[in-house]
Amino acid sequence: MATRLVPSTFSASLHSLASRSSMAMVGLVSCSPKTLTPFSLTKSFNFISLSTTRKPLTKSLQVRSVSTPAEGVTVFDDMVSGTKRKYYMLGGKGGVGKTSCAASLAVKFANSGHPTLVVSTDPAHSLSDSFAQDLTGGTLVPVEGPDSPLFALEINPEKAREEFRSATQKNGGTGVQDFMNGMGLGMLADQLGELKLGELLETPPPGLDEAMAISKVIQFLESQDYNMFTRIVFDTAPTGHTLRLLSLPDFLDASIGKILKFRQKIASATSAIKSVFGQEETRLDAADKLEKLRERMVKVRELFRDTDSTEFVIVTIPTVMAVSESSRLRASLKKENVPVKRLVVNQILPPSASDCKFCAMKRKDQSRALDMIRNDTELSSLELIQAPLVDVEIRGVPALKFLGDIIWK
Ligand SMILES: Nc1ncnc2c1ncn2[C@@H]1O[C@H](COP(=O)(O)OP(=O)(O)OP(=O)(O)O)[C@@H](O)[C@H]1O
């Protein structure tokens, strides 16, 4: 028989919330130290949504939100309304559930009538695992199940990296180092050394794969064939990559700007250099390619900053570490002028009539982390979406639909 433990204040408040909830079928499970599983997806689909945006929770759980949607408009109403194309970027710390949230959002959009594309730009893809379908190969793959068309795409970061290298290498030849060394002969040699350009070009800067992946998606979405998609959901790489991606245009600006300056110098040295080295045509071509690359990176950043069409949704879990990282992410995104309105707190312990010791401890921890969010200057103004922890992996469209219906309300 299950050992019953005294519920913590937190679980008690959740419990009372659950019993007051008008959302049918609330699953409350008792939990013994032997059976730590807090909730069962397999046995029943009885869950409670913990979203605080529509109904205030008990005091201890309530999270202030200065940007609450207008009366009667739910979080998802706001996200789903309109046929103009919208981009949703989901990002956050590694392993918090970005992919599950992104995939479930994409399924929800498709089931709400939006032809949707979900793209993974995380170098460690898990979209295929999430949909339980092979989405590798870098092409659009139709996802079976939703009411409206849903396509998924995993972009191969290795390919993006190759593209970068080929843009910076001459004729598949000896590489950028050579390009720079060649240009740096004579009086330019010392100055080039200072720039460390060889390093930049041989080792693509972090975040570049992802930026290129996104820029590719933008490129093909601009074509007529892909006009149909009205919702694009990005499952992005963990925090650090995203931030570096946003600072890429500046980084490339600084580096490429210097290359272009040298290019001018070389051009003015004209025929003497031409006749001696005979290769600067190729080198200048490489500089052109780099400049184009920079332009594409600028476009990506512009997309991230476009408040009309884009929203970055931070996904986190209720731990002090994840919340701290989310706070820093929000601060950096603010600095980069990236619009953020919502914060998903995933994997929240579901209500329980009686907690085992482990669950009670966990619940206390989660309560502390939720308090942190409430008091955090960066996070407290965001609409909070709470998603419960379920005891099985969310895989395949039916499970994603189920998760989506809990999270995106
Ligand atoms: N609400 C949830 N309840 C139970 N398990 C979950 C929940 N959300 C995510 N998971 C599980 O957590 C694991 C990590 O989730 P997911 O791959 O979505 O995270 P991620 O942030 O995209 O990870 P990464 O940063 O490695 O790409 C998966 O096994 C997923 O099934």
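Residues numbered from 1 in each chain as written. Predicted model: local features only at pLDDT ≥ 70, side-chain atom pairs only at ≥ 80, totals over all residues. Heavy atoms only, no water.

Naming follows an unreviewed UniProt entry, where the chain appears as ArsA/GET3 Anion-transporting ATPase-like domain-containing protein of Quercus lobata. UniProt lists a comment for the chain under the heading Sequence similarities (unreviewed entry), and it reads "Belongs to the arsA ATPase family." Taken from UniProt, the Catalytic activity (unreviewed entry) comment for the chain reads in full: "ATP + H2O = ADP + phosphate + H(+)". (UniProt positions renumbered as here; feature names shortened; annotations may be inferred.)

## Structural notes on the overall build of the chain
What the chain contains, in helices and strands, is 14 helices and eight strands. The long-range share in the chain, meaning contacts at least 24 apart out of those at least 6 apart in sequence, stands at 81%. Total accessible area on the chain stands at roughly 18300 Å², and carbon and sulfur atoms take up 53% of it. (Helix = DSSP H or I, 4+ residues; strand = E, 2+ residues; numbered from the N terminus. Contact = heavy atoms within 4.5 Å. Areas by Shrake-Rupley, 256 points an atom, 1.4 Å probe, with all protein chains shown as cover.)

## Topic: the sheet that holds strand β5 (residues 231–235)
The mixed open sheet is built from eight strands, whose spatial order is β3-β4-β2-β5-β1-β6-β7-β8. Edge strands, defined here as strands with exactly one partner in the open sheet, are β3 (141–142) and β8 (383–388). Pairing of β3 with strand β4 (residues 150–154) involves two bridges; the strand directions are antiparallel. Its bridge partner being in β4, V141 is matched across the sheet by A152. Most of the contacts of helix α13 (residues 357–375) go to strand β7 (residues 340–348), to which it runs at about 175°, and overall it touches β7 and β8. (Pairing = 2+ DSSP bridges. Axes fitted to C-alpha atoms, helices over the stretch in contact; angles between N-to-C directions.)

## So, the site of the ligand
Surveying the vicinity of the ligand reveals 16 residues, the closest of which are G95, K98, T99, S100 and E393. In the environment of the ligand, an oxygen atom lies 2.8 Å from a nitrogen or oxygen atom belonging to the side chain of K98. Within the backbone of V390, one N or O atom sits 2.9 Å away from a nitrogen atom of the ligand. Protein chains shield 79% of the accessible area of the ligand, which is 630 Å² for the free molecule. (Near = heavy atom within 4 Å. Polar contact = N/O pair within 3.5 Å; in protein donor to acceptor, adjacent residues only side chain to side chain.)

## Notes on the pairing of strand β6 (residues 310–316)
Summarising burial for β6: seven of the seven residues are buried, a large majority. Burial along β6 is two-sided: T310, F312, I314 and T316 and E311, V313 and V315, pointing in opposite directions, are all buried. Summarising the sheet, strand β1 (residues 86–92) and β6 pair through six bridges and their orientation is parallel. Its bridge partner lying in β6, G92 is registered against V315. Across four bridges, β6 lies against β7 in parallel orientation. Within the sheet, the bridge partner assigned to T316 lies in β7 and is V345. (Buried < 20%, exposed > 50% of the residue type's maximum accessible area, 1.4 Å probe, protein only.)

## Re the domain arrangement of the chain
Domain boundaries assigned for the chain yield domain 1 (1–84 + 313–392) and domain 2 (86–308). Carbon and sulfur atoms supply 61% of the area that domain 1 and domain 2 bury against each other, a total of about 2200 Å² over both sides. Remark: the boundary between domain 1 and domain 2 carries two salt bridges. We note a salt bridge from K93 to E325, for which the minimum N-O separation is 3.6 Å. Taken together, domain 1 and domain 2 are joined by 13 residue pairs in polar contact (both at pLDDT 80 or more). (Domains from an automatic or database assignment. Buried area = accessible area lost by both parts, 1.4 Å probe. Salt bridge = Lys/Arg side-chain N within 4 Å of Asp/Glu carboxyl O.)

## Observations concerning the state of the cysteines
Going through the model one piece at a time under the given rule, you end up with zero disulfides. Of the cysteine sulfurs around C356, a residue in no disulfide, the closest is that of C359, at 3.3 Å. What makes C356 buried here is its relative accessible area of 0%. Residue C359 is classed as buried on the basis of its relative accessible area of 3%. (Disulfide = S-S within 2.5 Å.)

## So, the pattern of salt bridges
This model, assessed by the stated rule, comprises 12 salt bridges. Of the charged contacts in the structure, one is a salt bridge between E336 and R305, with a shortest N-O distance of 2.9 Å. Of the two residues, E336 is situated in the loop between α12 (320–335) and β7 and R305 in helix α11 (residues 280–305); the sequence distance between them amounts to 31 residues. Residue class for E336 comes out buried when judged on its relative accessible area of 16%. The class of R305 is partly exposed, set by a relative accessible area of 30%. Bridged by salt links that share partners, the residues D78, E311, K341, R342 and E383 form one connected network.

## What to know about the side chain of R363
Here R363 shows up in helix α13. At 2.5 Å, the side chain of R363 forms a polar contact with the side chain of D355.

## Thoughts on unusual backbone geometry
For N337, which is not glycine, the phi dihedral falls at a positive 60°. Within the fold, N337 resides in the loop between α12 and β7. At Q347, a residue that is not glycine, the phi angle is positive and equals roughly 65°. Relative to the assigned elements, Q347 resides in strand β7. By relative accessible area, which is 28% here, Q347 ends up partly exposed.

## What to know about the packing of helix α3 (residues 98–111) against helix α14 (residues 397–407)
With their axes 8 Å apart at the nearest point, α3 and α14 run at an angle of 90° to one another. Between α3 and α14, the angle is such that the two are roughly perpendicular. Here α3 contributes S100, C101, A103, S104, V107, K108 and N111 to the contact with α14, which in turn contributes V397, L400, K401, L403, G404, D405 and I407. (Parallel < 35°, antiparallel > 145°, perpendicular 65-115°, else oblique.)

## Section: the packing of aromatic side chains
Counted according to the given criterion, the structure contains six aromatic pairs. Summarising the aromatic geometry, the rings of Y226 and F229 are spaced 6.5 Å apart at their centres and angled 10° between planes, so their arrangement reads as stacked. Relative accessible area serves as the criterion here: at 27%, Y226 is assigned to the partly exposed category. Connected via pairs of aromatic rings, a cluster forms that spans F76, Y88 and F109. Lying over the aromatic face of F76, K108 brings its terminal NZ or CZ to 5.0 Å of the ring centre. (Phe/Tyr/Trp six-rings, centres within 6.5 Å; stacked < 30°, edge-to-face > 60°. Lys NZ or Arg CZ within 6 Å of the ring centre and 35° of its normal.)

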